[in-house]
Amino acid sequence: MRTLTKNPGSVTTMRNNTFRAAVLALTASFSFAAGCGSKNKEESTTSVDDEQEESSGGSKSGGGSSSVKSGGSGSTGAVSKQAEADWKEALAAFEGAEKSGWDSSKCESISGQFASANKAQKGKFAEAIYMSGLALDRCGKSEQAIKAYNSAIEINGKLCGARVGLGIQDFKKGNEAGAYANFERAVRDDARCTEGYVNLAMMQMARSGAKSEDALNNLRRALAIDATYLPAFNQMAALFVGRAEGNAKMLDLAAVVCRQAQLINPNYAPIYNTWGLINVKKQNVFDALRMFERASQLDGSNFEAHMNFGQITLSFRGYEDAKKAFAKAVELKPKDYDAHVGLGAALRGLGDAEGAKKQYEEAKGIEASRPEAYFNLGILYQDYMSGSVPDMKQAVSYYDQFVQRASGKTEYKSTVDDIERKCDSSEAKKKRKSSKSCRPGRRQNIQLAIEAMAAMAEMEKMQKQSESANPQ
């Protein structure tokens, strides 16, 4: 819901006031049998964000196995010693980048290391091909990643990670039907594909809401396969939060799930963002702030945590902290409308009117049909610029554009009324008003201000003329 919010001190701003959960945090992994006969599972994750306001899940990478051969992997023959050595070296590098952060050179280098492992296996090492694509995917090189995922599937059509990876790419491109089909096939082809189950659950929640029993069952299946699979815990907690409307006990259940995940891995960032959302629902604002901060500290790329932290600090006039949080969010997602509006509000609170204007203009450029940026620009020109007649008229122009886009939409009705409300001129000019008095809207207030400035200018002109006519 997009609402008008008032910070302490009657600092008014309009932005998307919905706290952000990682509703779609799509993950991909693969598994193969170790040469000694044990079943070690090598895992890596990738994530995408829902365009409404949702985002990344975390990453979870397992340790490398001592040796590799073609269990259910689809690789042809036992993995050679050279391929195994290259694989272990590449996997260590991948895990290191997951902890320290990715950049273009790391993506290319680590992808090349997995390609070397595949080459040593004569081009039939499906898992290595998949991982070479996943490393590129970490830096947004989607087309190259897709090519690698398809190549891996040509060798092993039932490779869980590659199939889920293709589903993720479909989702990124807006092909939700294709994504859903890939996730369904992933679990059909591999009944132990935890990532497939979690991804299906996420999309089922997006389609049917948190009450989806199919989503809950798929999350249970994922945890039955791997009782330590953190993305499943995180999504299950989010599901319970979604079911808390009218049933506050669900929030307690969601908190228990978060606590279980924390015991498994206290450094898993996404769970703290979800935990923060639980505290928001419980109106434990300071605990929520602490959780969002922890999530962003553990994972600087957690867009939702930065947005949520910024939103809370902004509501308490913590403009400097809000500025840092929203600036990081803008850095992570330069095309996110709400991140720019949030940063604009923080800059305005710090007295940087020009900086705020730039951010609101950026938001307009991203999605001109949305009304919030126009309202905020109106506020900026009415209350934070020079106070001149041209600035007042510019404010009216922005309010007109806001009303044009917001009229007829329930969520903006009170704000439209606040702009459009007209009072009897005599009542509107009263300095003191009772609680029952009509309060003029923003447009009328601006008109009254312009009339007052014109009257004052006329009085000053007349006074000067009088002084000129009667010099002392």
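Note that residues are indexed from 1 along each chain, following the sequence as it is written. For a predicted model such as this one, the threshold for reporting local features is a pLDDT of at least 70, and the threshold for listing and counting side-chain atom pairs is 80 or more; totals across whole chains, interfaces and linings nevertheless cover every residue. The side-chain values count all of the structure's non-hydrogen atoms but skip hydrogen atoms and water molecules.

Student: I tried to follow helix α4 (residues 142-155) on my own but got confused; where do I start?
Tutor: Side chains that are three or four residues apart share a direction in an α-helix, a result of its 3.6 residues per turn. Per the convention used, a helix needs a DSSP run of H or I reaching at least four residues, while a strand needs a run of E reaching at least two, with both numbered from the N terminus. In this scheme, a helix's expected span is set at 1.5 Å multiplied by one less than its residue total. Over its 14 residues, α4 extends 20 Å from the first C-alpha to the last, a length consistent with the 20 Å expected when each residue adds 1.5 Å. In the core, the buried residues of α4 are packed alongside α3 (126-137) and α5 (160-172). Note on contacts: a residue pair qualifies if any of its non-hydrogen atoms lie within 4.5 Å across the two residues.

Student: Any chance you could explain unusual backbone geometry here in plain terms?
Tutor: Residues other than glycine predominantly adopt negative phi, and peptide bonds predominantly adopt the trans conformation. Positioned with a positive phi, Lys 122 is a non-glycine residue whose angle comes to about 60 degrees. Along the chain, Lys 122 turns up in the loop between α2 (104-120) and α3. Lys 122 sits in the exposed class, given a relative accessible area of 76%. Even without a glycine there, the phi angle at Arg 317 is positive, about 60 degrees. Type-normalised accessible area, obtained with a 1.4 Å probe on protein chains alone, sets the label of each residue: buried when under 20%, exposed when over 50%, and partly exposed for intermediate values.

Student: I tried to follow the state of the cysteines on my own but got confused; where do I start?
Tutor: For the purposes of this analysis, a disulfide is any pair of cysteine sulfur atoms at a distance within 2.5 Å. The tally for this structure, following the rule as stated, stands at three disulfides. With its sulfur 1.8 Å from that of its partner, Cys 423 forms a disulfide with Cys 438. Measuring handedness by torsion sign, the sulfur bridge of Cys 423 and Cys 438 sits at about -80 degrees and is left-handed. With Cys 423 in the loop between α19 (413-420) and α20 (425-428) and Cys 438 in the loop between α20 and α21 (442-469), the pair connects residues that are 15 residues apart, well separated along the chain. Given a relative accessible area of 9%, Cys 423 falls into the buried group.

Student: Can you walk me through the packing of aromatic side chains in this structure?
Tutor: A ring pair, where both rings are aromatic, is described by two values, the distance of the centres and the angle of the planes. Any Phe, Tyr or Trp ring, taking Trp's six-membered ring, that has another such ring centre within 6.5 Å forms a pair; planes under 30 degrees apart are called stacked, those over 60 apart edge-to-face, and the others tilted. All told, the structure shown has eleven aromatic pairs when counted by the stated rule. Aromatic side chains Phe 375 and Phe 402 sit 5.4 Å apart centroid to centroid with 55 degrees between the ring planes, which places their arrangement in the tilted category. One end of the pair, Phe 375, is in helix α17 (residues 372-384); the other, Phe 402, is in helix α18 (residues 389-406), and 27 residues separate them in sequence. The same class applies to Phe 375 and to Phe 402, which are both buried. Seen from their ring centres, Tyr 381 and Tyr 398 are 5.7 Å apart, and the 40 degrees between their planes marks the pair as tilted. Within this pair, whereas Tyr 381 is found in helix α17, its partner Tyr 398 is found in helix α18, the two being separated by 17 residues in sequence. Of the two residues, Tyr 381 and Tyr 398, neither departs from the other in class, the shared state being buried. Taken together, the ring pairs connect Trp 87, Phe 94, Trp 102, Phe 114 and Phe 125 into an aromatic cluster. Over the aromatic face of Tyr 272 sits the side chain of Arg 294, whose NZ or CZ is 5.9 Å from the ring centroid. Here, a charge over a ring means that NZ of Lys or CZ of Arg falls within 6 Å of the ring centre while also lying within 35 degrees of the ring normal.

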